[in-house]
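Each chain, letter by letter, is given below.
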Amino acid sequence: MGFHIAGIVRRASFPATKATRKGLEVPKGCLAVYVGDKMKRFVIPVSCLDQPSFQQLLSQAEEEFGFDHPMGGLTIPCNEDEFLNLTSHLNEM
């Protein structure tokens, strides 16, 4: 249960429970991140990780959360629109 936005898959249902866990599986070569105040879940390709602009987000996440991410997954400290804008530019490269 998700839809694609510029190479990003947004999953609407979380947190994972036994009933919904299968719908939250992450495809091989991807990882799940949580973004924004509402902690929306996105599944992104791991190829994004080596992009300098995405590495800036990872550094901000490290500064803000350290290794304690409230959702149990990687939490990105920016709003959803900024994240979508950044990831859409990554797909153009």
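For clarity, every value in this text was computed on a predicted model and none was experimentally measured.

Undergrad: I'm lost on the pattern of salt bridges in this one. Help?
TA: Opposite charge on two side chains permits pairing when their charged atoms draw close. What the rule picks out here adds up to 1 salt bridge. Taking the shortest distance from any N to any O, the salt bridge between Glu-80 and Lys-40 comes out at 2.9 Å. Placement of Glu-80 in helix 2 (residues 80-92) and of Lys-40 in strand 4 (residues 40-45) is noted, with a sequence separation of 40 residues between them. The class for Lys-40 is partly exposed, based on a relative accessible area of 22%.

Undergrad: Explain the nonpolar core to me, please; I cannot follow it from the model alone.
TA: One recurring pattern in soluble globular proteins is that nonpolar side chains are buried together. Membership of the largest hydrophobic core comes to 14 residues, with the highest contact counts inside it found for Val-33, Ile-44, Phe-54, Ile-76 and Phe-83. Considering each element in turn, this core owes the most residues, 4 residues, to helix 2.

Undergrad: Whenever I open this one, the packing of aromatic side chains confuses me. Can you help?
TA: Given two aromatic rings, one states the distance between the centres and the angle between the planes to describe the pair. Inspection of every chain in the model, using the stated rule, returns 2 aromatic pairs. With centroids separated by 5.1 Å and ring planes inclined at 50°, the aromatic side chains of Phe-42 and Phe-83 adopt a geometry described as tilted. On the criterion of sequence distance, the pair formed by Phe-42 in strand 4 and Phe-83 in helix 2 is long-range, its members being 41 residues apart. Each member of the pair, Phe-42 as well as Phe-83, carries the same accessibility label: buried. Among the aromatic side chains, those forming a connected cluster through ring pairs are Phe-42, Phe-54 and Phe-83.

Undergrad: Would you explain the pairing of strand 4 in this entry?
TA: The side chains of a regular strand alternate between both faces of the sheet. A large share of strand 4 lies buried, amounting to 5 of its 6 residues. Of the pairings in the sheet, the one linking strand 3 (residues 30-35) to strand 4 comprises 6 bridges and is antiparallel in character. In the strand pairing of strand 4, Ala-32 is matched with Val-43. Count of turn residues in the strand 3/strand 4 antiparallel hairpin: 4 residues, of which Gly-36 carries a positive phi of about 85°.

The rules behind each value
Residues numbered from 1 in each chain as written. Predicted model: local features only at pLDDT ≥ 70, side-chain atom pairs only at ≥ 80, totals over all residues. Heavy atoms only, no water. Salt bridge = Lys/Arg side-chain N within 4 Å of Asp/Glu carboxyl O. Helix = DSSP H or I, 4+ residues; strand = E, 2+ residues; numbered from the N terminus. Buried < 20%, exposed > 50% of the residue type's maximum accessible area, 1.4 Å probe, protein only. Core = buried A, V, L, I, M, F, W, Y, C linked by side-chain atoms within 4.5 Å. Phe/Tyr/Trp six-rings, centres within 6.5 Å; stacked < 30°, edge-to-face > 60°. Pairing = 2+ DSSP bridges.

On their own, these measurements won't tell you what the molecule is for.
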